Amino acid sequence: MGRSTLLSVLCALVLAGCAGSAPEAARSKDRLLRVAASVSTEPGAGAPAPGAAAEDAAHEHEHEHEHEDEVDEDGAEVDDGLDLPVDPGAGTRAHSPLAAMTEAQIEELLAKDPAALGPMSVGATNAGALFNGVRMPESDRWELVDPGHAWGTRETVDALDRAIAEVHRQFPGSPKLYIGHISARDGGRLSPHKSHQAGRDVDISYFLDARHRWYQRATAANLDRERTWAFVRALITETDVELILIDSSVQRLLKEHALKIGEDKDWLDEVFQYGSRKARPLIRHARGHANHIHIRFYSPVAQESAVRAYPLLVKRGAIKPTAQYVRHTAKKGQTLGSLARQYGTTVEAIKRANGLRSTAIQAKRVYNIPRPSSGPAAPPKHVVVPPRRLPPPRAAEASRPVRHEEAGPALGG
Ligand SMILES: [Zn+2]
C-alpha cells in the first residue's frame, strides 16, 4: 500500500471517530485491562497497591512546613508517580487508526515515514516512552518554562489548550500560566520526576493574584481561586483527565470557593480528595504540589497506538523496551541493600529508578523497584477511558418544581 493510500485510510478512521461506543466497550469489557493497572502492582498481591495518596493524606499536616523546593531534602524526586487503582467500572474503549493496519503496513511506515503513525504514549507514566511526540506550542496564554521538555501526545497538548481556553473565555485577559515539564522528546526518565515519561503528565502553575514566578507556593493570600477553579473544572468536565495532583491546603481553598459559588457538594466530594471519603477522587494530594498542579491526561489514541505498535517499535530499535517496576512502600529499618536483596536487584538499579543521589531512604515513601529479568514485556493490552465525572446539570436544578419542597420531608435521606 502506498503512503497516500495509507494516509487516507488513517484520515478516514480518525474522521469516523476514534472513541468507541459505550455498548461496544461493555461487550469487550472482560478482555480489557485498564491502563492504570499497567505494571505497577505490589508483588504477589492480587489487589492493586494501596493508594499512596491515602497515606499521604494522613500526613497532610506535615506538608504545611515543607519548603518550596520540589526536590526533597534527601535528593529524591517529586512524588508524582501515583498509580491509580484498577477501576472495574465501564468506560470507553480507545481505538487507534493503527488497529486497521497489518504489521507489514506498520513496519513499512516505521521504515519510510514514521511520523505518519502519529504520536504514541508507550507504557506506564513512570516507566514509559514517547514516540512522535508533539511539542506544546508557544502562546500568549502561557509560558513554557523548559520548551525542550514540553513534549506530549497530540491529545495532551490539545486538552491543555482547551482547558486554558475555557478560563480565557470566562475571564478574558487572564494572566499567563507557566507550563513546566511535560515529557522529554522521546519520553523516558525526566528528573526530578517519577512520572512524566509518556507524554501524558503536565506540570503547570496555579493562577496567582499578583505577578508571580514559577514554583511560587499557592496560599490563601495569593491564590486566584476563580481562575484556578475554572481551569480545574474545565480539566474535569471537558478533557480526558486521569489524575490531578494538588496539595491538600490548596484543595481546601478551591473546594471552599467552589461550594461558595454554588457547585454541587456531592460532585465536589467525588472529585476532591480533601474533605471527602470517596474512593477514587480525581484531585489528590501528593508531596511537592503546593507550588504547581500536576495533571495526567489519558491519551486514548496515542496509548492504543502504542499498544498496537510496541513490539514493532522495539524490534526496529525505535524505542527501548520499557522498564517494569514494582512499587514498594519502605518500612522502618529497610535500606536500599535490603530492598535489593529482597527483590533480586542492585542498589545502583534502585537508585537509578528513583533518581536517588544518596542511599538514604525514608519509611512510608514509595520507591520504584526494577523488576529483574522481566524482558521486553508489552505495555498493557488496551486502554479504557472512564466516563467523565460531570456535575449535575444546573439547569435541571433551577427548573425543579417548587412543590417538591412542599410535599413534605424527603423520604430516605
Ligand atoms: Zn509533575
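Please refer to the structure higher up on the page.
Summary of the structure given here. Keep in mind the model is a prediction, meaning the values are calculated, not measured. (Residues numbered from 1 in each chain as written. Predicted model: local features only at pLDDT ≥ 70, side-chain atom pairs only at ≥ 80, totals over all residues. Heavy atoms only, no water.)

1. Side note on the pattern of salt bridges
Here is step 1: Enumeration over the complete set of coordinates arrives at 17 salt bridges.
Here is step 2: Among the salt bridges present, the one from Arg227 reaches Asp224, with a minimum N-O distance of 2.9 Å. Pair check on accessibility: Arg227 and Asp224 agree, each one buried.
Here is step 3: A salt bridge links Glu263 to Arg233, with the shortest nitrogen-to-oxygen separation between them at 2.6 Å. Taken together, the residues Glu263 in the loop between helix 7 (248–260) and helix 8 (265–271) and Arg233 in helix 6 (residues 225–238) connect sequence positions 30 residues apart.
Here is step 4: With relative accessibility at 6%, the residue Glu263 sits in the buried group.
Here is step 5: Connected through salt bridges with shared partners, the residues Lys255, Lys265 and Asp269 form a single ionic network. (Salt bridge = Lys/Arg side-chain N within 4 Å of Asp/Glu carboxyl O. Buried < 20%, exposed > 50% of the residue type's maximum accessible area, 1.4 Å probe, protein only. Helix = DSSP H or I, 4+ residues; strand = E, 2+ residues; numbered from the N terminus.)

2. Digging into the packing of helix 6 against helix 7
Here is step 1: Between helix 6 and helix 7, the shortest axis-to-axis distance is 10 Å and the interhelical angle comes to 90 degrees. With respect to each other, helix 6 and helix 7 are oriented roughly perpendicular. Across the interface between the two elements, Arg225, Glu226, Thr228, Trp229 and Val232 from helix 6 touch Leu253, Leu254, His257 and Ala258 from helix 7.
Here is step 2: Classifying every residue of the contact of helix 6 with helix 7 gives 5 nonpolar, 2 polar and 2 charged. (Axes fitted to C-alpha atoms, helices over the stretch in contact; angles between N-to-C directions. Parallel < 35°, antiparallel > 145°, perpendicular 65-115°, else oblique. Contact = heavy atoms within 4.5 Å. Nonpolar A, V, L, I, M, F, W, Y, C, P; charged D, E, K, R; others polar.)

3. Focus: the coordination of the zinc ion
Ideal values differ by geometry: the angle at a metal is 109.5 degrees with four tetrahedral donors, but 90 or 180 degrees with six octahedral donors.
Here is step 1: Around the zinc ion, the protein contributes the donor atoms His196 (NE2), Asp203 (OD) and His294 (ND1), which lie 2.0 to 2.2 Å from the metal centre.
Here is step 2: Each donor residue of the zinc ion lies on the same chain, and together they follow the pattern H-x6-D-x90-H.
Here is step 3: You can call His196 buried: its relative accessible area is 0%.
Here is step 4: Overall, Asp203 belongs to the buried group, its relative accessible area being 0%. (Donors = N, O, S within 2.8 Å, 3.2 Å for Na, K, Ca; no water.)

4. A short note on the packing of aromatic side chains
For any pair of aromatic rings, geometry is given as the distance between the ring centres together with the angle between the planes.
Here is step 1: One pass over the structure, following the stated rule, counts 4 aromatic pairs.
Here is step 2: Here Tyr178 and Trp214 contribute two aromatic rings whose centre-to-centre distance is 6.3 Å and whose plane-to-plane angle is 45 degrees, an arrangement assigned as tilted. Remark: Trp214 occurs in the loop between strand 8 (201–204) and helix 6 and Tyr178 occurs in strand 7 (residues 177–179); sequence separation between them is 36 residues. Summarising the burial analysis for this pair, Tyr178 and Trp214 share the class buried.
Here is step 3: Considering the side-chain rings of Trp214 and Tyr215, the 4.5 Å spacing of their centres and the 15 degrees angle between planes classify their relative orientation as stacked.
Here is step 4: For Trp214, a relative accessible area of 18% gives the class buried.
Here is step 5: Taking relative accessible area as the criterion, Tyr215 reaches 22% and is therefore assigned partly exposed.
Here is step 6: By the ring-pair criterion, three or more aromatic residues cluster together here, those being Tyr178, Trp214 and Tyr215. (Phe/Tyr/Trp six-rings, centres within 6.5 Å; stacked < 30°, edge-to-face > 60°.)

5. Concerning unusual backbone geometry
Here is step 1: Cis geometry is adopted by the peptide bond preceding Pro192, which originates at Ser191 and carries an omega value of 5 degrees.
Here is step 2: Checked against the element boundaries, Pro192 lands in the loop between strand 7 and strand 8.
Here is step 3: Here Tyr215, not a glycine, exhibits a phi torsion of approximately 70 degrees, which is positive.
Here is step 4: By secondary structure assignment, the location of Tyr215 is in the loop between strand 8 and helix 6.
Here is step 5: With a phi close to 75 degrees, Lys364 is a non-glycine residue in the positive phi region.
Here is step 6: By the element assignment, Lys364 lies in the loop between helix 11 (347–354) and strand 13 (366–370).
Here is step 7: In this structure Lys364 comes out as partly exposed when scored by relative accessible area, which is 49%.

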